[in-house]
Amino acid sequence: MATVQMSVRPEDLSQVPHGGERIPEAGIMVIFGASGDLTKRKLLPALFHLEQNGLLPANFAIVGVARRPLGDEFAADMRAGIIEFGDVDAGETKLDDFVKRISYFPLRFDDPTDYAGLKVELERIAKERGIGGKRLFYLATAPEFFAGIIENLGAQGLAQAEGGKTSVVIEKPFGHDLESARELNRQVNAVFHESQVFRIDHYLGKETVQNILVFRFANGIFEPIWNRNYIDHVQITAAETLGVEGRGPFYEKAGALRDVVQNHMMELLSLVALEPPSSFEAESVRREKLKVWQAIPSVPILDAVRGQYGPGTVDGQTVVGYREEERVSHESGTETYAAVRLEIENWRWAGVPFYLRAGKRLKKRATEISIQFKQPPLLIFDRLASSSACQVIQPNLLTIRIQPDEGIALRFGAKVPTTPDMNVCPVNMDFDYAAAFGKSTANGYERLLMDAMLGEQTLFSHRDGVETNWALYTPILEAWAAKKPETFPNYEAGSWGPECSDELLRRGGHWWRNDLGRKG
Ligand code: BG6
């Protein structure tokens, strides 16, 4: 398929401000579960990227908290993580000063006396560095510790520091089902006011995800056709080539629907489907997202399919099946692939199916949204086409590539030149982020950490949104738990998932496989 590249004019780019005016006030960020992978791979590299861009306040400290008795080696380990995962040169001038901001405090998550010790330690650091009362607690532990940590922070008076606002960032998974999410919300809001709570979904930190709203609402030409009159259906794919990467025990309890569909993919869906918010303020955006989720009727069980990978070949490497992964049951019924068909019952979307699918060990890594438009009412060229591969007129397809190869492609039909016949061939207008703006080393946490420090909640989930999504998916999870799948494993690693997933697109459609609107 022919592709036309689109680019940015340097003179336009040079006029764009780079956000340097948004520097948070001095404070201390306390990361619980700091010895885990997330801190080293994502959080510290993201904080250092902020430092490199001059976006951290001068008086800012990072305290890692975990159960292990670590000392100075923690800061050294974080330094290594920043270099390895943050794409940072070991000789980077700002690195040594940044590492001086980092310290470690060992703490048992369930021991109140350790929290009293943490309070003293934070006061000491604040005094030493001239930091006021601003605190940000980041919960990156296993979810079973969230409630206990929050209760202990409350009991020590750490949730309401004097002379500064305190915030709490809570990692996913937020609950395991509707009931547990409600209970966790109750525990969180018993200590923190909702305005202090930042439930994180790292997808919302991705530039391409934020760009969905810009694409829709900073351009006049798409919104008039962004509805049931012009759109046939929407597909959202989160395909990974990775397996469970040593996270067997976590994944056994989670599965694809909980891990990716009910949170990340529902966020993507809401951004595609929401009504224009009155502003880009947290309240307006989150209200519109909630309205979308609330308009989704319960999903018939036949409209949800699941799969589990068996052995196969991914990127040329032979890989084991899910049941042979480390610390996974040989008879596991956990799904590594899930797909659902949803409807949104409102005036804009009635009758337009939204198909969501997510899976591990698939053929290609691709997170993308494909919006398939309706065919023109009358095809006047089909009888005038000669017999050629190009003569079948394909629907217009807008593909938003979230990752990798971030960009947006619009497929349309063009006349094949130099033939007297009216042969129509699909071509793509393709906007490529990296080609237009340069490759970024950001991992998405930069924006979210910055917003949490600034108290800006637009890109974080509200309690109502979390509960609405759990309410939608809990019946499916319960039905699946009650009936162990007999056909697992039902797809080969390195394939595009189980056959039953194709049957979801009943009206003669098919999943768009990989980018640029090509079938796999
Ligand atoms: C996480 C899931 O939330 O998202 C992982 O727990 C998944 O299982 C990951 O691999 C995908 O994120 P990304 O940013 O790599 O698409």
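Because the structure is predicted, anything quoted here is derived from the model rather than measured.

Right, let's talk about the packing of aromatic side chains for a bit. Counting across every chain of the model gives 18 aromatic pairs. Between F32 and F137, the aromatic rings sit 6.3 Å apart at their centres with planes inclined by 45°, giving tilted as the arrangement. Taken together, the residues F32 in strand β2 (residues 27-32) and F137 in strand β5 (residues 135-139) connect sequence positions 105 residues apart. F32 sits in the buried class, given a relative accessible area of 0%. Taking 5.7 Å as the distance between ring centres and 65° as the angle between the ring planes, the aromatic pair formed by Y337 and Y491 counts as edge-to-face. Taken together, the positions of Y337 in strand β12 (residues 337-342) and Y491 in strand β18 (residues 491-493) put the pair 154 residues apart, joining distant regions of the chain. Like Y337, the residue Y491 is buried in the burial classification. Above the ring of F174, the side-chain terminus of R199 is found at 5.0 Å from the ring centroid.

Taking strand neighbours across the sheet as the criterion, the three strands line up as β11-β10-β18 in an open arrangement whose pairing is mixed. Looking at the sheet topology across the chains shown, the edges are occupied by β11 (317-319) and β18. Ignoring which end each strand starts from, the neighbouring axes of this sheet average 25° apart. Pairing of strand β10 (residues 309-314) with β18 involves three bridges; the strand directions are parallel. Across the sheet, G312 pairs through a bridge with A493, a residue of β18.

Conventions adopted
Residues numbered from 1 in each chain as written. Predicted model: local features only at pLDDT ≥ 70, side-chain atom pairs only at ≥ 80, totals over all residues. Heavy atoms only, no water. Phe/Tyr/Trp six-rings, centres within 6.5 Å; stacked < 30°, edge-to-face > 60°. Helix = DSSP H or I, 4+ residues; strand = E, 2+ residues; numbered from the N terminus. Buried < 20%, exposed > 50% of the residue type's maximum accessible area, 1.4 Å probe, protein only. Lys NZ or Arg CZ within 6 Å of the ring centre and 35° of its normal. Pairing = 2+ DSSP bridges. Axes fitted to C-alpha atoms, helices over the stretch in contact; angles between N-to-C directions.

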